[in-house]
Amino acid sequence: MGESSGAGPAGTGTAGGDGRTGAATGTMTRRALLVGVGAAGGAGAMFAAMGALGLAPDAQDRAFAPPQGSDFSLQGRGAAKIVVLGAGVAGLTCAYELGKAGYDCTVLEASDRVGGRSLTLRGGDRLAELGGQTQTAGFGEGTYFNAGPGRIAPWMLTMDYCRELGVPLEVFVNNNASAYIYTRGMTAPVRARTARADMYGYVAELLAKAADAGALDRRLTGEDRERLLEFLRRFGDIGQDLAYRGSDRRGFTTYPGSAEGVPLAGPSSLAEVLSAGTGRAITMDFGVEQAMPMFQPVGGMDAIVTALARAVGEDRIVTGAPVTRITNLPDGVEVTHPGGVVRADYCVAALPPHLLARLPHNLGTEVTAALRTPVPVAAGKIGLEYGRRWWETEDRIYGGITETDLDITHIWYPSHGYHTRSGLIVGYYNTGAEAEVYGALPHRDRLRRALTQGKKIHGEKYRAELRSSVSVAWHRRPYVEGGWVRWPSHDGGFALLRRPAGRVYFAGDWLTRLVAWQAGAMESAREAVTAIHRRALAEPPT
Ligand code: PHE
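So, here is what we can say about the structure in this document. (Residues numbered from 1 in each chain as written. Predicted model: local features only at pLDDT ≥ 70, side-chain atom pairs only at ≥ 80, totals over all residues. Heavy atoms only, no water.)

## What about the side chain of Asp509?
Here's step 1: Tracing the chain through its elements places Asp509 in the loop between β25 (504–506) and α18 (518–538).
Here's step 2: Owing to a relative accessible area of 5%, Asp509 belongs among the buried residues under this scheme.
Here's step 3: Here the side chain of Asp509 touches Ala516 through a polar contact of 2.8 Å, landing on its backbone nitrogen.
Here's step 4: Residues contacting Asp509, with those up to four places away along its chain left out, are Arg117, Trp484, Leu514, Val515, Ala516, Trp517, Gly520 and Ala521. (Helix = DSSP H or I, 4+ residues; strand = E, 2+ residues; numbered from the N terminus. Buried < 20%, exposed > 50% of the residue type's maximum accessible area, 1.4 Å probe, protein only. Polar contact = N/O pair within 3.5 Å; in protein donor to acceptor, adjacent residues only side chain to side chain. Contact = heavy atoms within 4.5 Å.)

## Re empty space enclosed by the protein
Here's step 1: For the coordinates displayed, the defined rule picks out two cavities of 30 Å³ or more.
Here's step 2: The computed volume of the largest cavity comes to approximately 100 Å³.
Here's step 3: As for the largest cavity, its lining consists of 14 residues, of which Asn175, Ala192, Arg196, Ala281 and Met284 are closest to the centre.
Here's step 4: Of all the elements in the fold, those that place two or more residues in the lining of the largest cavity are β8 (180–182), α6 (192–212), α9 (279–282) and β20 (400–404).
Here's step 5: The element best represented in the lining of the largest cavity is β20, accounting for three residues.
Here's step 6: For the lining of the largest cavity, the residue count by class is seven nonpolar, four polar and three charged.
Here's step 7: The computed volume of the second largest cavity comes to approximately 60 Å³.
Here's step 8: Among the elements of the structure, α11 (353–356) and β24 (484–486) are those that each provide at least two residues to the lining of the second largest cavity.
Here's step 9: For the lining of the second largest cavity, the per-class residue count stands at six nonpolar, two polar and two charged. (1 Å grid on protein atoms, 1.4 Å probe; cavity = no way out; pocket = protein on both sides within 12 Å on 5 of 7 lines; lining within 4 Å. Points joined across faces, edges and corners; volume = space filled by probe spheres on them. Nonpolar A, V, L, I, M, F, W, Y, C, P; charged D, E, K, R; others polar.)

## Notes on helix α14 (residues 432–439)
Here's step 1: When α14 is considered as a whole, its buried residues turn out to be Ala435, Tyr438 and Gly439. Down the axis of α14, the buried side of the element spans an arc of 100°, and every buried residue falls inside it.
Here's step 2: If you follow the buried residues of α14, they end up packed against β19 (379–386), β22 (423–431), α15 (443–458) and β23 (466–473). (Arc of directions from axis to C-beta.)

## Details of the sheet that holds strand β1 (residues 81–85)
Here's step 1: Strand order in the open sheet formed by five strands is β13-β2-β1-β17-β25, and the pairing between neighbours is parallel. Both outer strands of the open sheet, β13 (317–318) and β25, are each paired with one neighbouring strand and no more.
Here's step 2: Pairing of β1 with strand β17 (residues 346–349) involves four bridges; the strand directions are parallel. Looking across to β17, one finds that Ile82 is bridged to Tyr346.
Here's step 3: Along the sheet face, helix α4 (residues 89–100) touches β1, β2 (104–108), β13 and β17 and points at about 165° away from the line of β2. (Pairing = 2+ DSSP bridges. Axes fitted to C-alpha atoms, helices over the stretch in contact; angles between N-to-C directions.)

What follows is the structure, encoded as structure tokens:
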């Protein structure tokens, strides 16, 4: 996926609250005002006041006012009943927030486990795919494979839920100068630090020489030019004559210690560096979603959905309950599944849109058409377990990602368990056409292909020392059928589905500008919860 188009961290999550600065200055804060309004007039009045203050959920600042149980008791009434479809991150977050306020939630989950795409596989776990293939993870004790989400950016709402739920986090190394870059045709991979030094070095040289020769004088004053040159010397580690001849930054064949280091031979010429095509690899983490530091839950990504499910209450979650029909009624909603019929005041449909589109429902043809608009994107990963952490002991790679132009695309090294006896690397993480190719193969052929590719980077041990493996093709997972979705356009259908269809609300990462992130699912859940709560309070008590 490309970089997000500027939807930044501002106002995201509980940390985006206001009132703090006001409190410091001693004036009445918006928060204090709202608490007063809320106590006097209940949440309905509070929402109105929030709207007036520009704080309503559809306002710019996206502050989240979680529903409170007291909103109902203040009105002398009970909370409504909600049926949530799907126990993925969006569905669980909805049930969690609504449950905190006393809503009576039932979550129907089609598969036999919660979490949706937030899937961590451990030894003994089974993984089924459409088409009949089932794998069983043969991992040893302590090994896990985040088959779905694997990294969290610090500005994302996911971090706030980890804090609230007490999910311990550790750093996920998303960028490692010691990891490799491999482009087809290379005899050996290059370290990211080498590729970076050379690209920055030559770019700095070109720009510095152009500026120095006066080629940029229409844009730069003399002072600007001196400042730019000063920066470019640092940026590229270029000489006084502005030429790039390589630098310590490229790395060493023998690193410095008690003796001087032996620098790597090189650099290659500008033409060779450009043709190595490393530009994509060294800019991988430039976007706001990928920049370090990033984080992961200790022990596996599923710690988040496990904590959410526990907070919701296991007794409220029905697994093995694929929805077969959704029926909007004038005063409620009815959902059928093989085990029975659930009747509720409102429904949150937190399923992938392409699966919702196939369900019998009475939400209208416009809704069906909108649900068919987002296109599922294939995505796949393979976890490779080794009995020896050779990437650390031999390659000195501790976490991070090797970038390739092979069909495996990336190799991820684990960001935890350094120097322990065994470990798991991700041998491919690909999307689109490449994921389709791997997904179409039986597991043993996916593995063979991934090992053939990885061997080009890491040598024979990559194949010879493998202990066990599991692969996932998300577009072939039952009740998921995609890594994520791509909206061809955000016109029409996107906006339609962000509104309720009768008493049915939709939620999921696919309804946000954070597609393919748990944070998107959580943001969307908060929107659905806020809209339901506002409506539940406005409706006459039943
Ligand atoms: N969130 C997923 C990941 O971390 C998919 C994704 C990649 C989404 C890049 C946006 C940008 O890989």
